[in-house]
Amino acid sequence: MSLTTLIQNGFCALLDGPVIESLAQYTGKKAVSILQTHLTFSAFEIAETYQKSHNYAIAAIAAGLASPDEKRTFIQKLRHAKVKREFADQVDEHYLRSFADQHGVQSDALPALRQQLIENLNKLTELPPLFVGEQRPLTESELAAVIDHKGSLAITDLVLAQLRRVTTLDDTLAAFLRHQDLLGNAVLHFFVEQLRKEPRAEATFAALQREGLWADVRDLKAAQHNLTGLLEQQLAALKATAVQATENGNFAELQQLTPQLQQLQTTLVELPQHLQAAQVAWQTSQQSLLEFAQRFNSWALLLDDKVEQVLNAMATLHGTVIDIDKNVKQLLTEFRQFKQRFELDNQIKASDEFTHHTGTSRKLIQAAMAKLKGLPHPEHPDYQQLLMMAGTVLFSTGHPDNLAEAEQLLVQARDGAEHAADKALACFNLFQVRLRRKAHREALADLQTAITLDTPQYALHDVGKYPIKRILGAGGMGCVFLCQDVDALSETSVVVKCFWEGRKGSRQQVFREAIIMRDVGGAYIPKPLQWGFVDAARQTRPFFVTEYIDGALDGEQWLIEQGKLDVPTGIAVGLQVAKGLQVAHHKGVYHLDLKPANLLFKQTAAGLMVKIIDFGLARVATSLKQDALSRRSGSLTQFGQAIAGTLLYAPPEQLGETKYDKPGAKSDLFSLAATLYRLMTNESPLNLNPRRLTDAPPALFDLLCHCKEENPANRPDSAQQVVERLEEIEYNGYAEYNGYIEYNGYAKKTDVDIAKRQAELKQSRQTDTIPKRDSI
């Protein structure tokens with residue numbers, strides 16, 4: 001076995017972050033030197049630690065496979081009076097069942113598989129030591145391997161190869177231990193836990209940090225701040241030395257210092273890129289181990305007992321499974337089958353509401369629910385898991401009548417959860433369910449709890465920089481939060497949009513159109529502030545941050561509070577939105593989700609301000625519109641109805657009509673017409689009715705109908721044409737009539753002549769505000 005590989009992987013896991021050697025190239029092999037000075041473990045100590053870690057891992061895995069009563073006996077033979085639920089279900093849920101599914105093992109064969117695995121694990125405790133090392137210091141090459149490590153931390157195959165050298169290894173056990181790298185992750189987990197608080201490890205951390213060679217890349221901002229300060233200090237010291245060499249005429253020394261100065265200055269400039277690359281590399285190499293540690297952090301409790309005592313207690317694990325309540329067992333099987341059939345995960349997704357169910361599947365689910373209701377509330381180890389699965393499956397039906405029942409089940413699962421991971425999952429699922437009935441305050445409370453318990457898993461954006469104040473809304477693309485920017489000099493609110501289903505690609509690729517709109521659309525959109533992924537390595541959970549416009553109302557809320565727009569204001573709003581589309585289309589950016597809810601209105605001293613939101617975000621995430629379209633005829637929650645309602649603004653080419661070209665600029669013109677009609681009539685834009693716009697010029701209704709042509713080829717050629725026609729309608733809308741200024745039926749006695757009023761309109765276009773109504 002390669003001890004160098006084990007040393008490399010073990011210490012990489014221990015450091016819990018990358019040693020960024022590229023940040024200190026000008027100092028040579030300083031990182032290796034620090035490891036030699038402080039990380040003074042011998043090869044014998046490393047081998048001994050690995051041997052103990054292996055023994056703990058075998059015991060913990062066997063305990064995780066055992067029945068609840070046997071597990072309790074195993075723990076109580078040690079010093080732990082209370083059995084953590086994590087020991088009861090994590091191996092079963094995350095490894096045994098998925099392993100069985102992968103290898104075609106039916107549920108009735110699971111007890112035999114458990115017994116086989118536990119018996120063979122017990123045999124491994126009687127083997128001679130697998131890991132042997134000499135009483136010698138670690139070599140420079142072994143320590144350098146820690147710095148140069150770029151790959152994964154998997155060691156399962158190394159350990160299995162060593163086991164095969166000393167025993168005949170059962171093939172089923174080997175396959176199980178290899179499944180999702182279970183054995184290797186368990187061994188590394190115990191290795192790290194044994195050495196984490198060792199003084200030599202702590203001293204190594206401190207020395208690497210002082211030299212700017214180690215950073216906690218989970219917080220890039222803090223890492224950049226800390227390392228910048230250290231590097232600037234080193235740069236200042238080098239500059240002072242260079243100045244002194246110049247004054248002393250020591251040009252040889254100056255010549256030696258110059259490359260170092262240049263290298264350090266370059267490093268400072270490239271620091272953000274170095275850190276980003278280090279974060280990606282670290283997440284890639286450690287992801288599997290990190291996920292394992294989150295699931296099994298309480299396994300470290302076994303370290304409180306000596307290895308020999310742990311191994312002796314394994315004699316209580318015989319591999320037999322106690323006969324559990326048949327009804328609970330049957331229901332668990334039924335709900336697992338539902339989840340597998342409808343491709344549901346433990347964590348509810350926004351798209352689950354639109355799962356395709358048949359009348360038969362709904363009846364089967366209701367029958368299973370009836371059985372569940374008939375159960376007493378047993379003190380059964382799988383009962384909370386059953387509640388969670390039932391709530392998830394009920395939610396997937398998308399029926400409002402099932403929503404309250406799903407919520408009740410998830411509340412029970414949350415309140416009965418014995419482990420933080422179970423409670424966090426239940427809370428996040430409750431957040432999704434409560435969004436469906438727009439219970440935003442309760443939904444946020446559950447989301448906050450889930451984030452507190454497990455930030456990496458459940459944070460939908462950078463909650464450290466932007467803590468959430470309240471939920472502003474949720475739709476087909478994602479959820480929108482009002483947050484505080486903690487880095488701002490004064491208390492500043494921002495809007496953060498988090499997306500349900502992000503597209504894959506680099507940050508620049510995914511947010512390309514939003515970045516373009518930042519540069520060209522400042523007058524028409526809220527100011528973008530930041531964008532990125534919660535998990536940059538996996539390119540998952542994208543979020544987008546913009547300025548918050550206090551007091552602004554979206555178009556739907558405006559209709560509720562202020563009523564429909566009068567004709568002059570409606571035309572002016574349409575003109576401003578069309579100008580925004582014109583700018584965007586010129587750059588090849590399409591909105592593709594224009595609707596009243598994506599317009600913000602705010603009354604200012606200069607007039608009505610209009611901003612278009614979600615511009616350039618169509619490439620960031622997929623929408624649930626198509627899912628809602630497939631369920632349009634069925635019952636939907638409030639959330640589902642809101643998404644289905646936005647289909648009224650989508651042209652045929654966005655609703656699956658393949659006979660037309662793909663969505664583009666003319667799709668936005670269709671949506672603009674539907675949006676304007678809705679804002680000016682407060683009625684559905686599905687079919688335009690001229691009698692609802694009798695006060696408007698005929699030319700306006702004609703333009704709306706032109707934009708809403710079914711065939712994109714029959715719509716206006718461009719947003720510029722729409723702008724020109726709206727300007728003409730607005731400009732020609734004034735006429736003098738018996739001493740009054742009349743605008744399409746709105747008359748007011750005034751001394752303002754037509755020419756002056758038209759000049760005011762031209763001026764308003766330059767300021768991108770709509771004149772106050774009382775000035776007409």
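Bear in mind that the values here come from a model prediction, so they are computed numbers and not experimental data. (Residues numbered from 1 in each chain as written. Predicted model: local features only at pLDDT ≥ 70, side-chain atom pairs only at ≥ 80, totals over all residues. Heavy atoms only, no water.)

Undergrad: Which parts of the structure should I look at to understand the overall build of the protein chain?
TA: In terms of helices and strands, the protein chain carries 31 helices and 11 strands. Burial analysis of the protein chain (776 residues in total) assigns 52% to the buried set. When the accessible area of the protein chain is evaluated, it comes to approximately 34,600 Å², of which 49% is carbon and sulfur surface. (Helix = DSSP H or I, 4+ residues; strand = E, 2+ residues; numbered from the N terminus. Buried < 20%, exposed > 50% of the residue type's maximum accessible area, 1.4 Å probe, protein only. Areas by Shrake-Rupley, 256 points an atom, 1.4 Å probe, with all protein chains shown as cover.)

Undergrad: Would you mind showing me how to read unusual backbone geometry here?
TA: As a rule of thumb, non-glycine residues mostly have phi less than zero, and peptide bonds are mostly trans rather than cis. Non-glycine residue Gln-180 carries a positive phi angle of around 55 degrees. With respect to the helices and strands, the residue Gln-180 is situated in the loop between helix H9 (171–178) and helix H10 (182–195). The phi dihedral of Arg-541 falls on the positive side, at around 55 degrees, and the residue is not glycine. The residue Arg-541 is located in strand S5 (residues 540–547) in this model.

Undergrad: Explain the pairing of strand S8 (residues 607–612) to me, please; I cannot follow it from the model alone.
TA: Strand residues, when the strand is regular, have side chains that alternate between the two faces of the sheet. Of all the 6 residues making up S8, 6 are buried; the element is thus mostly covered by neighbouring parts of the structure. Judged from the 6 bridges that link them, strand S7 (residues 599–604) and S8 form a sheet pairing that is antiparallel. Its bridge partner being in S8, Gln-603 is matched across the sheet by Leu-608. Counting the residues in the hairpin turn of S7 and S8 gives 2 residues. (Pairing = 2+ DSSP bridges.)

Undergrad: Whenever I open this one, the sheet that holds strand S6 (residues 553–554) confuses me. Can you help?
TA: Picture the strands of a sheet paired through backbone hydrogen bonds; they go either parallel or antiparallel. Spatial strand order, S6-S7-S8: 3 strands in an open sheet with antiparallel pairing. One side of each edge strand has no neighbouring strand; the edge strands of this open sheet are S6 and S8. Sheet contacts for helix H25 (residues 567–586): S7 and S8; angle to S8, the most-contacted strand, approximately 40 degrees. (Contact = heavy atoms within 4.5 Å. Axes fitted to C-alpha atoms, helices over the stretch in contact; angles between N-to-C directions.)

Undergrad: Looking at this structure, how should I read the packing of aromatic side chains?
TA: Where two aromatic rings form a pair, the distance of their centres and the angle of their planes describe that pair. Under the defined criterion, the tally for this structure stands at 11 aromatic pairs. Each ring, one from Trp-558 and one from Phe-601, has its centre 5.5 Å from the other, and the planes form 75 degrees; the classification is edge-to-face. Of the two residues, Trp-558 sits in helix H24 (residues 555–561) while Phe-601 sits in strand S7, which places them 43 residues apart along the sequence. You'll find Trp-558 and Phe-601 in the same group, each marked buried. If you follow Arg-200 out to its NZ or CZ, it ends over the ring of Phe-41, 4.0 Å from the centre. (Phe/Tyr/Trp six-rings, centres within 6.5 Å; stacked < 30°, edge-to-face > 60°. Lys NZ or Arg CZ within 6 Å of the ring centre and 35° of its normal.)

Undergrad: Can you help me understand the environment of His-38 in this one?
TA: With respect to the helices and strands, His-38 occurs in helix H2 (residues 30–38). With 170 residues separating them along the chain, His-38 and Leu-208 place their C-alpha atoms 10.0 Å apart. Ignoring any residue separated from it by four or fewer positions in sequence, one finds His-38 in contact with Arg-200, Ala-203, Thr-204 and Ala-207.

Undergrad: I tried to follow the sheet that holds S5 on my own but got confused; where do I start?
TA: Pairing in this open sheet of 5 strands is antiparallel, and the strands run S1-S2-S3-S5-S4 from one edge to the other. Two strands lie at the open edges of the sheet, namely strand S1 (468–474) and strand S4 (528–535), each paired on one side alone. Here the strands of the sheet are splayed against their neighbours by 25 degrees on average, with no regard to which way each runs. Bridge count for strand S2 (residues 478–485) against strand S3 (residues 492–499) is 8 bridges, and the pairing is antiparallel. Residue Leu-482 lies in a different strand from S3, and its bridge partner there is Val-495.

Undergrad: What's the story with the nonpolar core in this structure? I'm lost.
TA: Generally speaking, soluble globular proteins have nonpolar side chains that are buried together. Of all hydrophobic cores here, the largest spans 64 residues; its most connected members are Phe-335, Leu-372, Leu-386, Phe-431 and Phe-481. With sequence-adjacent residues up to four places away left out, Leu-372 is seen in contact with Leu-331, Tyr-383, Leu-386, Ala-390 and Leu-409. One finds Ile-46, Tyr-50, Leu-163 and Leu-188 within the second-largest nonpolar core, a separate group that totals 57 residues. (Core = buried A, V, L, I, M, F, W, Y, C linked by side-chain atoms within 4.5 Å.)

Undergrad: Whenever I open this one, helix H16 (residues 359–374) confuses me. Can you help?
TA: In an α-helix there are 3.6 residues to a turn, and that puts residues three or four apart on one side. In this model, H16 (16 residues) spans 23 Å end to end at C-alpha, consistent with the 22 Å of a helix rising 1.5 Å per residue. Of the residues making up H16, those classed as buried are Ser-361, Ile-365, Ala-368, Met-369 and Leu-372. Down the axis of H16, the buried set is contained in an arc of 105 degrees. They therefore lie on one face. Turned more than 90 degrees off the buried face of H16, the exposed positions are Thr-360, Lys-363, Lys-373 and Gly-374. (Expected span 1.5 Å × (residues − 1). Arc of directions from axis to C-beta.)

Undergrad: Quick question: what am I supposed to make of the packing of helix H8 (residues 156–166) against H9 here?
TA: Think of two packed helices as two axes; the pair is described by the angle between the axes and how far apart they sit. Across the interface, H8 lies against H9 with an axial gap of 10 Å and an inter-helix angle of 160 degrees. The orientation of H8 relative to H9 falls into the category roughly antiparallel. By crossing handedness, the relation of H8 to H9 is classed as right-handed. Taken together, the residues of H9 that come into contact with H8 (itself represented by Thr-156, Asp-157, Leu-160 and Arg-164) are Ala-174, Leu-177 and Arg-178. Split into classes, the residues belonging to the contact of H8 with H9 amount to 3 nonpolar, 1 polar and 3 charged. (Parallel < 35°, antiparallel > 145°, perpendicular 65-115°, else oblique. Left-handed = near helix turned anticlockwise from the far one by under 90°. Nonpolar A, V, L, I, M, F, W, Y, C, P; charged D, E, K, R; others polar.)

Undergrad: Explain the confidence of the model for the protein chain here, please?
TA: Atomic detail in the predicted coordinates should be set aside for any region of low pLDDT. Averaged over every residue, the pLDDT of the protein chain is 81; the share at 70 or more is 77%. Predicted confidence is poor over residues 18–28, with pLDDT under 50, and the contacts of this stretch with residues over four places away or in other chains come to 36 contacts. Between residues 735–754, whose pLDDT stays under 50, and residues either more than four places distant or in other chains, the model counts 43 contacts. (pLDDT = per-residue confidence, 0-100.)

Undergrad: How should I be thinking about the packing of helix H19 (residues 420–436) against helix H20 (residues 440–453) in this particular structure?
TA: Across the interface, H19 lies against H20 with an axial gap of 8 Å and an inter-helix angle of 155 degrees. As judged from the angle between their axes, H19 and H20 are roughly antiparallel. Read as a crossing pair, H19 and H20 show a hand that is left-handed. Contacts between H19 and H20 pair Ala-420, Lys-423, Ala-424, Cys-427, Phe-428, Leu-430, Phe-431, Arg-434 and Leu-435 from the former with His-440, Glu-442, Ala-443, Asp-446, Leu-447, Thr-449, Ala-450 and Leu-453 from the latter. Looking at the contact of H19 with H20 residue by residue, the class counts come to 11 nonpolar, 2 polar and 4 charged.

Undergrad: Is there a simple way to think about the state of the cysteines in this case?
TA: Simply put, the disulfide is a covalent bond whose two ends are the sulfur atoms of two cysteines. Throughout the structure, instances matching the rule amount to 0 disulfides. The thiol sulfur of Cys-483 is not disulfide-bonded, and the nearest other cysteine sulfur, from Cys-498, lies at 7.0 Å. On the accessibility criterion, Cys-483 (0% relative accessible area) is buried. The thiol sulfur of Cys-498 is not disulfide-bonded, and the nearest other cysteine sulfur, from Cys-479, lies at 6.9 Å. Judged by its relative accessible area of 2%, Cys-498 falls in the buried class. (Disulfide = S-S within 2.5 Å.)

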